[in-house]
Amino acid sequence: MAAALPLRAAARAGRPLPAAEDRRDPGVPRRRGRRRSREGADAHPAAPPPPPGPAGLAISSLNAVGSYTVTSYMPTFLTEHARLPQATALVASSSAVAVLAVLLPFSGRLGDRIGRRPVILVGTIGMVLLAVPGYLLAGQGSLGAAIAGQLLMVVPLSGISAVLGPAMCELFPTSVRYSGSALGYNVAYALFGGTAPFVAQFLITQAGTPIAPAFYMVIFGLVCLIAVAKLPETSRIPLPETLPQRQENPV
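Below is a summary of the structure that appears in this document. Note that this is a predicted model, so its numbers are computed, not measured. (Residues numbered from 1 in each chain as written. Predicted model: local features only at pLDDT ≥ 70, side-chain atom pairs only at ≥ 80, totals over all residues. Heavy atoms only, no water.)

**Considerations on the overall build of the chain**
And step 1. Along the chain, the regular secondary structure elements total nine helices and zero strands.
And step 2. Reading the chain from its N end, one meets helices and strands in the order α-α-α-α-α-α-α-α-α.
And step 3. Of the roughly 14900 Å² that the chain leaves accessible, carbon and sulfur atoms contribute 64%. (Helix = DSSP H or I, 4+ residues; strand = E, 2+ residues; numbered from the N terminus. Areas by Shrake-Rupley, 256 points an atom, 1.4 Å probe, with all protein chains shown as cover.)

Shown next, in the form of structure tokens:
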């Protein structure tokens, strides 16, 4: 209020008013560096995000291989190599799938709380580490061992399966979201999911060991882990409307 009195007197006398910067209260510190920081941000723009196609294909492929190996091929493995009756093998596989269905909502909730990328990353590492022990345990020849061996693979698989849908949708902008997510998902399942039981049986025949499908899952998981490690976190950012534009360096 006291600073406004000289301004009113100057206006009545017809004298020019001081500039806006001079009218500031000298007791209030001025903020400096904001313009400089903005200019620095404009001079060094953020790097564009990686293309969503490889990452989406990787997590879809890993989920496809894990799902089809556990749900489709495991009954055959239990009957032919663990020597379980067909009814017992179906009970073991059905029990594992039921546990997977129970775990999916909790894994999805965890993905909402801590993000998609950590859940998928932990699930991928779990698949790599537990595939071989899971097959070894499932092949012991008892119902309990068959269920326990499948659960070793089902628990990490639930993390991947639960957040796959939202992660795929969030990778793509609105203009190509439906086409991009559907193409990546279906190509992965056609190439790697549908062929997983045949590949598993072929590997057992060629390698001469019943746990050859586990090594297939390990190698596949390690390859996909490279793309999953670079997966951007999308759970707490607005969905993009258009594809990101790559800025070219001026010549």
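Still to come is the rest of the account.
**With respect to the side chain of Ser 61**
And step 1. The residue Ser 61 is located in helix H3 (residues 52–80) in this model.
And step 2. Engagement of the side chain of Ser 61 in a polar contact is seen with the backbone oxygen of Leu 57, the distance being 2.6 Å.
And step 3. With sequence-adjacent residues up to four places away left out, Ser 61 is seen in contact with Ala 188, Phe 192 and Phe 220. (Polar contact = N/O pair within 3.5 Å; in protein donor to acceptor, adjacent residues only side chain to side chain. Contact = heavy atoms within 4.5 Å.)

**Comments concerning the side chain of Thr 69**
And step 1. Counting through the fold element by element, Thr 69 comes out in helix H3.
And step 2. Look at Thr 69 and you get buried, because its relative accessible area is 3%.
And step 3. Within the structure, the side chain of Thr 69 is placed 2.6 Å from the backbone oxygen of Val 65, a separation counted as a polar contact.
And step 4. Leave out the neighbours within four places in its chain, and Thr 69 touches Met 74, Tyr 135, Ala 196 and Met 217. (Buried < 20%, exposed > 50% of the residue type's maximum accessible area, 1.4 Å probe, protein only.)

**Quick word on helix H8 (residues 196–207)**
And step 1. Spanning twelve residues, H8 covers 16 Å between terminal C-alpha atoms, matching the ideal 16 Å at 1.5 Å per step.
And step 2. Burial in H8 covers these residues: Ala 196, Pro 197, Ala 200 and Ile 204. Taken down its axis, H8 places every buried residue within 105 degrees of arc, on the same side. Exposed residues on H8 whose side chains face more than 90 degrees from its buried face are Phe 198, Thr 205 and Gln 206.
And step 3. Following H8 by one or two positions, Gly 208 has its phi on the positive side, about 75 degrees. (Expected span 1.5 Å × (residues − 1). Arc of directions from axis to C-beta.)

**Details of the pattern of salt bridges**
And step 1. Enumeration according to the criterion identifies two salt bridges in this entry.
And step 2. Here Asp 112 makes a salt bridge to Arg 116, at a shortest N to O gap of 2.6 Å.
And step 3. Accessibility expressed as a relative area gives 43% for Asp 112, which makes it partly exposed.
And step 4. Measuring nitrogen to oxygen at the nearest pair gives 2.8 Å for the salt bridge that ties Glu 170 to Arg 116. Of this pair, Glu 170 sits in helix H6 (residues 143–171) while Arg 116 sits in helix H5 (residues 116–138), placing them 54 residues apart in sequence.
And step 5. Residue Glu 170 is classed as buried on the basis of its relative accessible area, which comes to 13%. (Salt bridge = Lys/Arg side-chain N within 4 Å of Asp/Glu carboxyl O.)

**Re a nonpolar patch on the surface**
And step 1. A grouping of Leu 57, Leu 183, Val 187 and Leu 191 is seen on the molecular surface, where their side chains present a nonpolar patch of about 340 Å² in accessible area.
And step 2. Per-element tally for the nonpolar patch: the top contributor is helix H7 (residues 177–193), with three residues.
And step 3. The topology assignment puts Leu 57 in helix H3.
And step 4. Given a relative accessible area of 32%, Leu 57 falls into the partly exposed group. (Patch = residues over 30% accessible without salt bridge, like charges linked within 9 Å, V, L, I, M, F, W, Y side chains within 5 Å.)

**Some words on unusual backbone geometry**
And step 1. Phi at Arg 83 is positive, roughly 60 degrees, even though this residue is not glycine.
And step 2. Residue position: Arg 83 is located in the loop between H3 and helix H4 (86–114).
And step 3. With a relative accessible area of 68%, Arg 83 lands in the exposed category.

**Quick notes on the packing of aromatic side chains**
And step 1. Enumeration over the complete set of coordinates arrives at six aromatic pairs.
And step 2. Ring geometry for Phe 77 versus Tyr 135: centroids 5.0 Å apart, planes at 75 degrees, classification edge-to-face. Of this pair, Phe 77 sits in helix H3 while Tyr 135 is found in helix H5, placing the two residues 58 residues apart along the sequence. The pair formed by Phe 77 and Tyr 135 is uniform in burial state, with each residue classed as buried.
And step 3. Summarising the aromatic geometry, the rings of Phe 192 and Phe 220 are spaced 5.0 Å apart at their centres and angled 65 degrees between planes, so their arrangement reads as edge-to-face. Here Phe 220 lies in helix H9 (residues 212–229) and Phe 192 lies in helix H7, a separation of 28 residues in the sequence.
And step 4. Note on Phe 192: relative accessible area 26%, which makes it partly exposed.
And step 5. Taken together, the aromatic side chains of Tyr 68, Tyr 185 and Tyr 189 make up a single cluster linked through ring pairs. (Phe/Tyr/Trp six-rings, centres within 6.5 Å; stacked < 30°, edge-to-face > 60°.)

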